[in-house]
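Per-entry structural report
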Amino acid sequence: MLKLKSIASLPLVGLLAIPLAGLSAVGPPLAAQTVSAIPTVRIPAGSFRMGADAEQLSGAAVSGFGVNSRRPAHGDFDELPAHQVTLTHSFAIATHLITVKEFQQFDPSYKGVAAYPGYAAGVSYQQAQAFCAWLTQKTGKPWRLPTEAEWEYTARAGTQTPFFTGDTPPAPGTANRWGVVIGEGTPEWVADWYGPYLAAPQVNPTGPLTGDTRVVRGGGLDLRRTKSSPAGAFYPAMAPYFARSANRASMAPSFSSPQGNIGFRVVQAPLPQPNPSPAWHRFFSTDVKQTAVDLTAGPDPSKPFYRMHPLFPNLSGQSMPNVGWAIGLARGLGIAYHNSAIQELPNGDMVAAYYNTPNKEDDPDQTVMVMRRRAGSETWDMPEPWPYFADAACAAPVFWNDHGRLWLFFGFPRLIGAPPFAFTTSTDNGASWSQIHFPRFTGPIGGYIPQPINSVVRAKDGTIYLPTDAPGAHSAVWATRNDGETWYDTGERTFGRHTTLALAHHGDLLAFGGKNSSYQGHMPLGISSDGGKTWIEATTPFDSLASGERPSVIRLADGRLFFVADFNPHHLKHVHKDGAYVALSDDDGKSWRTKRLPAEILTVGYTTATQGANGVIHIVTSKNAVNDEIELNEAWILSSSGTATPAPSSAGPSLIHRENWPGGKPRAVWSTARADDGEILLEGTQTFYFQNGHPQWVAHFHLGEETGDERFYRANGSLQWEKSYAVDGTWTWRNYDAAGRLISTSRWRGKTLLSDSLQVPPTAAAITNGSPQAAR
């Protein structure tokens, strides 16, 4: 294939152009010469009802430009349960957000944000905390951020309506009855980590002790312009719904941006005594084994192997908030899932991720969702929203196993001031994660769209390359030479949106197509021999792709390239019916052996592939009526077989495995056996224990499938949920509150809901279940 075209002249401009270190560098505070008095008012001690309002929200409260889905009638799930809060202390709070001039006394290098001239916008939580520490030192009085409860108490000013002005939002600049200008669509940091509310009355609450994000109050965070958006308005961030006294947003504390909209106000009062509440709990990170059991064992690589595992719950038309959350699915889980990721972990677990939204893409409630198929199990755990950024759409997850260090990249497609990507890492198979990081760039960067793409590669010299979308039919490639400490823009853009990357044997970067681009009637291939500075364009034998389609390429352990994508012979948009294919190449993509996937796979959508240590290739799909993890091997691709491999029917002797807590008490005890298809599967009883020796999770398996009764307990010994598996393939799921009362019963076949029964109203059931969590 000849090189015919270069894009050296493509300008590196587009959605956003950012100067040196413009995204997340937070230097030490600079000395200031003077300190101007910050106007404050004294807020008396008192009590109020915190959280969602009892009355249904008015049309004025739920209206707004750019919001894609209907707003809940009483507010978001994280505003529930509404609960009584008593603040036993008075405090002085600033009557306005810290202004540009006030912040410049602390940091004279701060330039302000042109779109938000009235206050110091675009600063991180950490910068806000540093300002408070500086102000405390300069004045000799204690200054801090308000707690979340103090903020809402101040915003309500004695009212229990959506706004302190009633059902309609206040005019800009209007002070409430306590003299504070607040809740006018300008988001501001508060002190608390973002966590779930408790139903019981609270006194001086201070939020969880840890978390992923800090609470943001007063306004939304996303921008989606429409034809009807007023000039100079930033919707949905400024929509009335997000300015309500009860509304909660959240963001990683290190987020700052020269274009950002988050500000802060200060409180003059001592730090309150800690009165913490629970943090969010994720089953995804619960009872994660650290021991691998013979990862190389698997199906005979010389014989064709093909199998599928359903991924998502199907509620058979029932409402996700009213039924799904009430019967045990994680609060925040939606109904539309797309843009996939998958990876095998060092312990043998498979993890997958998608974007998750209530209805439509880019809704402010869109999140990344994660799920786990534990080593030896044939079933995926139910998905859960995480990382969760309230009122900031999050999407485009990418998992990458970097020799035991697991990376999760993702993006914010509508966040005001969003960087190209964000990331977090784990060194214990996803049981715990680092704080969210934003890239720190060492030089100017060009245009981008903040959506990472499904491939990350590390070159022989150690450089990591990550692609994201870019304006038009292009993708950007970012790189780091120091494992994420700093990043740089490699240069030119590739020849397709959603480009998927691989390394050639001799070190060149190979960038396969994406969507919305074509070269000589086929999917384009970009080749870079200088680390992404420049690209030459060639063609591939594959169909060019359109909306809802994305390829995936990986380098296999035996040196071949593996490729998966949709057929699209007629170059149609939003039509996914032509099927999909897989392909192998022995010569870095010069020639391919291609095979159609079985007929039930109408599309693989935004697909992602990875290979396990046993040689099995794993593919995840989207845009099907039922989406699956597909397992196959190279022998299947090279054979004429088009059928699935039968499920195993027998297994050899069981082996018992054990992991201990420090001190020697058992943490996990389980058994595995090698099945007649070569897989190592769970066989017998598996028990996880709390450190005090009490059981947390007890399940029984035969050939990797659950049998009998499965139970999950709280730390106090009460039963949280149980599942009973019948011989006909159906299973029943029961959830209980902390008092032992049955909340809900649901009956399933696989991932499909057959029936449900709620013992308490749907809203109350969702509340009682507490933090967003899902069972297996």
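Here, the structure is the one placed above.
Residues numbered from 1 in each chain as written. Predicted model: local features only at pLDDT ≥ 70, side-chain atom pairs only at ≥ 80, totals over all residues. Heavy atoms only, no water.

1. Focus: the pairing of strand β7 (residues 188-193)
- With five of six residues buried, β7 lies mostly within the body of the structure.
- Note: β7 against strand β9 (residues 214-217), three bridges, orientation antiparallel. Its bridge partner being in β9, Trp189 is matched across the sheet by Val216.
- Sheet analysis places β7 next to strand β11 (residues 263-264), joined by two bridges and oriented parallel. In the sheet register, Glu188 faces β11, and the bridge partner there is Gly263. (Buried < 20%, exposed > 50% of the residue type's maximum accessible area, 1.4 Å probe, protein only. Helix = DSSP H or I, 4+ residues; strand = E, 2+ residues; numbered from the N terminus. Pairing = 2+ DSSP bridges.)

2. Things to note about the sheet that holds strand β33 (residues 608-611)
- Spatially, the four strands line up as an open sheet ordered β13-β35-β34-β33, and their pairing is antiparallel. Where the open sheet ends on each side, the last strands, each with one partner, are β13 (306-310) and β33. Ignoring which end each strand starts from, the neighbouring axes of this sheet average 20° apart. (Axes fitted to C-alpha atoms, helices over the stretch in contact; angles between N-to-C directions.)

3. Quick notes on the packing of aromatic side chains
- Evaluation of the coordinates by the stated rule reveals 55 aromatic pairs.
- Summarising the aromatic geometry, the rings of Phe563 and Tyr581 are spaced 6.3 Å apart at their centres and angled 25° between planes, so their arrangement reads as stacked. Of this pair, Phe563 sits in strand β30 (residues 561-566) while Tyr581 sits in strand β31 (residues 580-585), and the two are 18 residues apart along the sequence.
- Note on Tyr581: relative accessible area 2%, which makes it buried.
- Of the aromatic side chains, those joined through ring pairs into one cluster are Phe103, Phe106, Tyr110, Phe131, Trp134 and Phe264.
- Stacked on the ring of Tyr241, the Lys or Arg Arg71 has its end atom at 5.4 Å from the ring centre.
- Over the ring of Trp636 we find Lys595, and its NZ or CZ is 3.7 Å from the ring centre. (Phe/Tyr/Trp six-rings, centres within 6.5 Å; stacked < 30°, edge-to-face > 60°. Lys NZ or Arg CZ within 6 Å of the ring centre and 35° of its normal.)

4. Digging into the pattern of salt bridges
- For the coordinates displayed, the defined rule picks out 32 salt bridges.
- Residue Asp53 is joined to Arg156 by a salt bridge in which the shortest nitrogen-to-oxygen separation is 3.1 Å. Highlighted residues: Asp53 in the loop between β3 (46-50) and α1 (59-62) and Arg156 in helix α4 (residues 148-156), separated in sequence by 103 residues.
- Measuring nitrogen to oxygen at the nearest pair gives 2.9 Å for the salt bridge that ties Asp677 to Arg307. One end of the pair, Asp677, is in the loop between β37 (666-674) and β38 (680-682); the other, Arg307, is in strand β13, with 370 residues separating them in the sequence.
- Among the residues examined, Arg307 registers a relative accessible area of 7% and is labelled buried. (Salt bridge = Lys/Arg side-chain N within 4 Å of Asp/Glu carboxyl O.)

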